[in-house]
Amino acid sequence: GTVYFTEGHGNNLYALDSKTGKEKWVFKMNPVSEEFEERMEDYFINTSPVIDKNGILYFASANQYFYAIDSTSGKKKWQYEFQITPQGTNIGHYGGRPHTPAIGKNNMVYLSANRTGIFAFNGKTGEKIWEMRSEDYMGGPVITPKGNVIVPGATSFDGLTGAVLWHSDAHHAITPVIGNSDLIYTFKGNMVTNPGIIVLKSETGKKIKEFENNEYRGKGLLMSNNGNLLFNNHERIFSEKSLDDMP
């Protein structure tokens, strides 16, 4: 097998043999602009590459480029330069920082960038299908079983057209989690105000339940194999039984 990873503060994507650790190839990204070079301490690559069924790797970097790479050869298939918004230039709010992409149905792939927006592409051709610009805090997108896209907020978009399907009153930039029962779990507030977790129907946005706790001010959210939600608030790790029927 092969392990793929980005370099963090560097400009490279690596492919290593998973058994031997031998380097298979290195992809060198476009140089970072002088403007970003001055702020590189805050603009490291914090996204992970994702790979689709056709063997194409997708990832984005702080130089404002989104890349599609052939996972076998390391050759670039296409790239897209996403322009950050004026608000996105505010380093103190991590403006313009991209998140790990999400692969959807019908060869679609999605990228979001903080205080910049969300972009939808044809993964094979690199054609941008739609975009939604936003100066809000924004985490990474997740894909519902029907192929719709949900970004922290929480807002749901039609995966093919970008039409807004629903919007909740949750306001948090952390990427939500979708369970096995079409339920989405997301923090309802930020790190300071309105703590708690809300549970929504992923296709309608209908609120099912709230987990209320003054310490539920999350930094990360995931679901374990036994159906527990795991998250932290910078100080402690919490576990809450989800509403999903886990195998």
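The sections below set out a description of the structure shown in this document. (Residues numbered from 1 in each chain as written. Predicted model: local features only at pLDDT ≥ 70, side-chain atom pairs only at ≥ 80, totals over all residues. Heavy atoms only, no water.)

### As for the overall build of the protein chain
(1) Moving on: From N to C terminus, the protein chain includes 1 helix and 22 strands.
(2) Moving on: Out of the 247 residues in the protein chain, the part that is buried amounts to 52%.
(3) Moving on: Considering only contacts in the protein chain between residues 6 or more positions apart, those separated by 24 or more positions represent 40%.
(4) Moving on: Entry remark: accessible area of the protein chain is about 12,000 Å², with carbon and sulfur atoms responsible for 47%. (Helix = DSSP H or I, 4+ residues; strand = E, 2+ residues; numbered from the N terminus. Buried < 20%, exposed > 50% of the residue type's maximum accessible area, 1.4 Å probe, protein only. Contact = heavy atoms within 4.5 Å. Areas by Shrake-Rupley, 256 points an atom, 1.4 Å probe, with all protein chains shown as cover.)

### Some points on the sheet that holds strand β19 (residues 207-211)
(1) Moving on: Taken in spatial order, the 4 strands make up an open sheet running β16-β17-β18-β19, and their pairing is antiparallel. Only two strands of the sheet have a single neighbouring strand rather than two, namely β16 (177-178) and β19.
(2) Moving on: Inspection of the sheet shows strand β18 (residues 197-201) paired to β19 by 4 bridges, in the antiparallel sense. Paired with Ile197 across the strands is Phe211, a residue of β19. (Pairing = 2+ DSSP bridges.)

### Re the pattern of salt bridges
(1) Moving on: Here the structure, examined in full by the defined rule, presents 3 salt bridges.
(2) Moving on: Across the salt bridge formed by Glu131 and Arg133, the nearest N and O atoms sit 3.0 Å from each other.
(3) Moving on: Between Lys207 and Glu210 there is a salt bridge, and its shortest N-O distance comes to 2.7 Å.
(4) Moving on: In this structure Glu210 comes out as partly exposed when scored by relative accessible area, which is 25%.
(5) Moving on: What emerges from the salt-bridge pattern is a single network uniting Lys128, Glu131 and Arg133. (Salt bridge = Lys/Arg side-chain N within 4 Å of Asp/Glu carboxyl O.)

### Things to note about the environment of Gly21
(1) Moving on: With respect to the helices and strands, Gly21 occurs in the loop between β2 (12-17) and β3 (23-28).
(2) Moving on: For Gly21, a relative accessible area of 43% gives the class partly exposed.
(3) Moving on: Sequence separation between Gly21 and Val3 is 18 residues; the distance between their C-alpha atoms is 8.6 Å.

### Some words on the side chain of Thr144
(1) Moving on: Mapping Thr144 onto the fold places it in the loop between β12 (142-143) and β13 (149-151).
(2) Moving on: We classify Thr144 as buried; its relative accessible area is 4%.
(3) Moving on: A polar contact is formed between the side chain of Thr144 and the side chain of Glu203, at a distance of 2.9 Å.
(4) Moving on: Ignoring sequence-local partners within four residues, the contact set of Thr144 consists of Ile150, Ile178, Ser202 and Glu203. (Polar contact = N/O pair within 3.5 Å; in protein donor to acceptor, adjacent residues only side chain to side chain.)

### Considering the nonpolar core
The tendency in soluble globular proteins is for nonpolar side chains to be buried side by side.
(1) Moving on: If you look at the biggest cluster of nonpolar residues, it comprises 14 residues, and the most contacted ones within it are Tyr58, Phe66, Trp78, Tyr80, Phe82, Leu111 and Phe121.
(2) Moving on: At the level of secondary structure, the elements contributing two or more residues to this core comprise β5 (56-60), β6 (65-70), β7 (76-81), β9 (108-113) and β10 (117-122).
(3) Moving on: Ignoring anything within four residues of it in the chain, the contact list for Phe66 reads Tyr58, Phe59, Ala60, Trp78, Gln79, Tyr80, Phe82, Pro101, Val109, Leu111 and Phe121.
(4) Moving on: Among the nonpolar cores identified, the runner-up in size contains 11 residues, and Tyr185, Phe187, Val199 and Leu229 belong to it. (Core = buried A, V, L, I, M, F, W, Y, C linked by side-chain atoms within 4.5 Å.)

### Things to note about the side chain of Ser156
(1) Moving on: Its location among the elements puts Ser156 in strand β14 (residues 155-157).
(2) Moving on: Not counting the four nearest positions on each side in its chain, Ser156 is found in contact with Asn148, Val149, Ile150, Ala163, Val164, Leu165, Trp166 and Ser202.

### Examining unusual backbone geometry
(1) Moving on: Even without being glycine, Asn106 reaches a positive phi, approximately 55 degrees.
(2) Moving on: Positionally, Asn106 belongs in the loop between β8 (102-103) and β9.
(3) Moving on: One non-glycine residue, Asn107, lies in positive phi territory at about 65 degrees.
(4) Moving on: Locating Asn107 in the fold gives a position in the loop between β8 and β9.

### Concerning the pairing of strand β11 (residues 128-133)
(1) Moving on: In terms of strand pairing, β10 meets β11 through 5 bridges, oriented antiparallel. Within the sheet, the bridge partner assigned to Phe121 lies in β11 and is Lys128.
(2) Moving on: Linkage of β10 to β11, two consecutive antiparallel strands, is achieved through a turn of 5 residues, within which Gly126 is found at a positive phi near 85 degrees.

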